[in-house]
Amino acid sequence: MASRVASLFSEVSNLGYGHSIQNGTPYADNTLLAGCVLLGVQDAPEGAAVCKLSDGSWVGFYQVIPLTENELEYKIQHSTDEMLEYMEDVDHVVYFQRP
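In this report, we go over the structure that sits alongside the text. (Residues numbered from 1 in each chain as written. Predicted model: local features only at pLDDT ≥ 70, side-chain atom pairs only at ≥ 80, totals over all residues. Heavy atoms only, no water.)

**Considerations on the sheet that holds strand S1 (residues 20-22)**
Inclusion rule: Here the rule is simple: two strands pair whenever DSSP picks up at least two bridges between them. Secondary structure follows DSSP: runs of H or I at least 4 residues long count as helices, runs of E at least 2 residues long count as strands, and numbering of each begins at the N terminus. Orientation is described by axes fitted as lines to C-alpha atoms, over the contacting stretch for helices, and by angles from 0 to 180 degrees between their N-to-C directions.
Reading across the sheet, the 3 strands line up as S1-S2-S5 and stay open at both edges, with antiparallel pairing between neighbours. Each end of this open sheet is capped by a strand with a single partner; those strands are S1 and strand S5 (62-68). For this sheet, the mean inter-axis angle between neighbouring strands, taken without regard to orientation, is 20°. The pairing of strand S2 (residues 33-40) with S5 spans 7 bridges and is classified as antiparallel.

**A few points about the pairing of S2**
To be explicit about the condition: Burial classes follow relative accessibility: with a 1.4 Å probe on protein chains only, a residue under 20% of its type's maximum area counts as buried, one over 50% as exposed, and anything between as partly exposed.
Across the 8 residues of S2, 7 count as buried, placing the element largely inside the fold. Taken together, the 3 bridges between S1 and S2 define a ladder with antiparallel strand orientation. Residue pairing for S2: Gln22 is matched across the bridge by Gly35.

**As for the nonpolar core**
Put simply, the rule is: The definition of a nonpolar core used throughout is a set of buried Ala, Val, Leu, Ile, Met, Phe, Trp, Tyr and Cys residues joined through side-chain atoms within 4.5 Å. Whether two residues touch is decided by their heavy atoms; if any such pair falls within 4.5 Å, the residues are in contact.
Counting 7 residues, the largest nonpolar core is built from Val37, Leu39, Ile65, Leu67, Leu72, Met83 and Met87. Going through the elements one at a time, S2 and S5 are the ones with two or more residues in this core. Setting aside residues no more than four positions away along its own chain, Leu72 makes contact with Ser20, Ile21, Gln22, Ala34, Gly35, Cys36 and Leu67.

**As for the environment of Tyr95**
Relative to the assigned elements, Tyr95 resides in the segment after helix H3 (80-86). For the pair formed by Tyr95 and Thr31, sequence separation is 64 residues and the distance between their alpha carbons is 8.9 Å.

**Things to note about unusual backbone geometry**
The backbone phi angle of Asp43 is positive, close to 55°, even though this residue is not glycine. One can find Asp43 in the loop between S2 and strand S3 (50-52). Overall, Asp43 belongs to the exposed group, its relative accessible area being 71%.

**Structural notes on the side chain of Glu71**
Inspection of the secondary structure puts Glu71 in helix H2 (residues 69-77). Accessibility expressed as a relative area gives 7% for Glu71, which makes it buried.

In structure tokens form, the structure reads like this:
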């Protein structure tokens, strides 16, 4: 998954909240996780999502959350926020065997 996310930097100029990445197939044989979405940093102190650099520019931090194909399709058909409401009981800790 990390290599797929890294490769996006050569494909697009700007990644941000809600950007989804489809792998096309599950990441491994023991999981249905086959893509991911970029979300805001969860369970972090206020202000942890950005860092001001010495030149005055800002860097934003995101959390990469793995998703199943069905979850990705739901997000694409609706929106990131609706997907998060739909998945409100899913923890941001990755469980490869989650339903």
